[in-house]
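# Remarks on the overall topology
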Amino acid sequence: MDTFKIEGIVLQTTDFGDANRVVTIFSREFGKLEANAYGCRRARNPMSGAMQMFNHISAEVTQGLKVDTIRDADIIHFYGNLTADIDRLAYAALFFEIVNKMTLPKLPEINIFNLILKALPALNERNPEIAALIASCQFMEFSGIQLNFERCVHCGNEIVGDAVLSFADGGAVCKNCLEPSENFLSYPENLRLTFQEILMFDWKKESRTNFNLRQIRLAEKIFLAYVHSIIGKELNAVNFIRQLKSVEITRA
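A few points on the structure. (Residues numbered from 1 in each chain as written. Predicted model: local features only at pLDDT ≥ 70, side-chain atom pairs only at ≥ 80, totals over all residues. Heavy atoms only, no water.)

### Regarding the sheet that holds strand E8 (residues 185-187)
- Within the open sheet, the three strands sit side by side as E7-E6-E8. Their pairing is antiparallel. The sheet is open, and its two borders are formed by strand E7 (171-173) and E8, each paired with just one other strand. Shown here is a sheet whose adjacent strand axes are inclined to one another by a mean of 45°, direction ignored.
- Bridging between strand E6 (residues 163-166) and E7 involves three bridges; their strand directions are antiparallel. Residue pairing for E7: Ser-166 is matched across the bridge by Gly-171. (Pairing = 2+ DSSP bridges. Helix = DSSP H or I, 4+ residues; strand = E, 2+ residues; numbered from the N terminus. Axes fitted to C-alpha atoms, helices over the stretch in contact; angles between N-to-C directions.)

### Comments concerning the nonpolar core
- Judged by nonpolar contacts, the single largest core of 64 residues is most densely connected at Leu-94, Phe-95, Ile-98, Ile-116, Phe-139 and Ile-198.
- Not counting residues within four places of it along the chain, the set of residues in contact with Ile-198 comprises Leu-133, Ile-134, Cys-137, Gln-138, Phe-211, Ile-216 and Ala-219.
- In this structure, Val-10, Ala-35, Met-47 and Ala-50 belong to the second largest nonpolar core, which totals 17 residues. (Core = buried A, V, L, I, M, F, W, Y, C linked by side-chain atoms within 4.5 Å. Buried < 20%, exposed > 50% of the residue type's maximum accessible area, 1.4 Å probe, protein only. Contact = heavy atoms within 4.5 Å.)

### Details of the sheet that holds strand E1 (residues 3-16)
- Pairing in this closed barrel of five strands is mixed, and the strands run E1-E2-E3-E5-E4 around the ring. Strand-to-strand, the axes of this sheet are offset by a mean angle of 50°, without reference to chain direction.
- Where strand E4 (residues 56-62) lies against strand E5 (residues 68-77), seven bridges are found, and the strand directions are antiparallel. Bridged to Glu-60 within E5 is Asp-72.
- Packed on one face of the sheet, helix H2 (residues 86-101) meets E1, strand E2 (20-27) and strand E3 (31-37) and runs near 110° to E1.
- Where helix H3 (residues 110-125) meets the sheet, its contacts fall on E1, E2 and E4, and the angle it forms with E1 comes to roughly 65°.

### Here's the deal with helix H4 (residues 128-143)
- Spanning 16 residues, H4 covers 22 Å between terminal C-alpha atoms, matching the ideal 22 Å at 1.5 Å per step.
- For H4, the buried fraction is high: 13 of the 16 residues fall into the buried class.
- Capping the start of H4 is the job of one residue whose side-chain oxygen sits 3.0 Å from the backbone nitrogen of Glu-129: Asn-127.
- Looking one or two residues past H4, Gly-144 carries a phi angle of roughly 80°, positive in sign. (Expected span 1.5 Å × (residues − 1). Polar contact = N/O pair within 3.5 Å; in protein donor to acceptor, adjacent residues only side chain to side chain.)

### Structural notes on the pairing of E2
- With eight of eight residues buried, E2 lies mostly within the body of the structure.
- The side-chain alternation of E2 yields two buried faces, one formed by Asn-20, Val-22, Thr-24 and Phe-26 and the other by Arg-21, Val-23, Ile-25 and Ser-27.
- Here E1 pairs with E2 via eight bridges, running antiparallel. Each residue of the ladder has a partner; that of Phe-16, found in E2, is Asn-20.
- Summarising the sheet, E2 and E3 pair through seven bridges and their orientation is antiparallel.

### Quick look at the side chain of Thr-194
- With respect to the helices and strands, the residue Thr-194 is situated in helix H5 (residues 189-200).
- The contacts of Thr-194, once residues within four sequence positions are left out, are Phe-211, Gln-215, Ile-216 and Ala-219.

### Some words on the packing of H2 against H4
- Where H2 contacts H4, the two axes come as close as 9 Å, and the packing angle between them is 5°. Relative to H4, H2 is oriented roughly parallel. Across the interface between the two elements, Asp-87, Arg-88, Tyr-91, Phe-95, Ile-98 and Val-99 from H2 touch Pro-128, Glu-129, Ala-132, Ala-135, Ser-136 and Phe-139 from H4.
- Across the contact of H2 with H4, the residue classes break down as eight nonpolar, one polar and three charged. (Parallel < 35°, antiparallel > 145°, perpendicular 65-115°, else oblique. Nonpolar A, V, L, I, M, F, W, Y, C, P; charged D, E, K, R; others polar.)

### Comments concerning the environment of Phe-78
- Positionally, Phe-78 belongs in the loop between E5 and helix H1 (81-84).
- Note: C-alpha distance between Phe-78 and Cys-177 (99 residues apart in sequence) is 50 Å.
- What Phe-78 contacts, discounting residues up to four positions off in sequence, is Asn-55 and Thr-83.

As structure tokens, then:
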């Protein structure tokens, strides 16, 4: 059996047995892969710290006939705020769930790997709601399944002013191509400009994000509805975030 080394980010973990864990990693070398980490939940196991969601790790993996096995792992970077702050945890989990559900196993995607690495510090330090939306939208763009926000999907003309969005057609529809019977969402100019800023956002810049929170939340609502339409069900993280917000409203 072949053994290979990877650099990756832990997307998801699932416990099984008394001390074992199935770990989903998005790696630089192979894209998404799943492997068993036997005994990693024992406190004295050298892998116990590394096999946690959101960790940036290096690992040694042995290829199996059916399931790969993680033999050793070390933490490259630990993003402590993501586990200490429940809001950060929720929005980081949202981004990771979208990546996990919309990528195929063992298909190298260096742009997606780099995007996750760029997004993690922002999720850890900046406004997590904004960072998660930017990261998720840019991920969909890299994946080739993003809505067309800038041009009419029917005539190809650049959108100017207000328009509508059609999930079925794959994006914006200008007023000239709009059919009264279509199922569409309102797509005002301010929302289009917000999506444009999101997709062009440069993670390298240290300046603070200056997005309008109202527009961000409207963009988030539409984007998550689109993701829902693709997956066929609501994301677990969305339910978690909704529960958190309901608790905040109750306390207020």
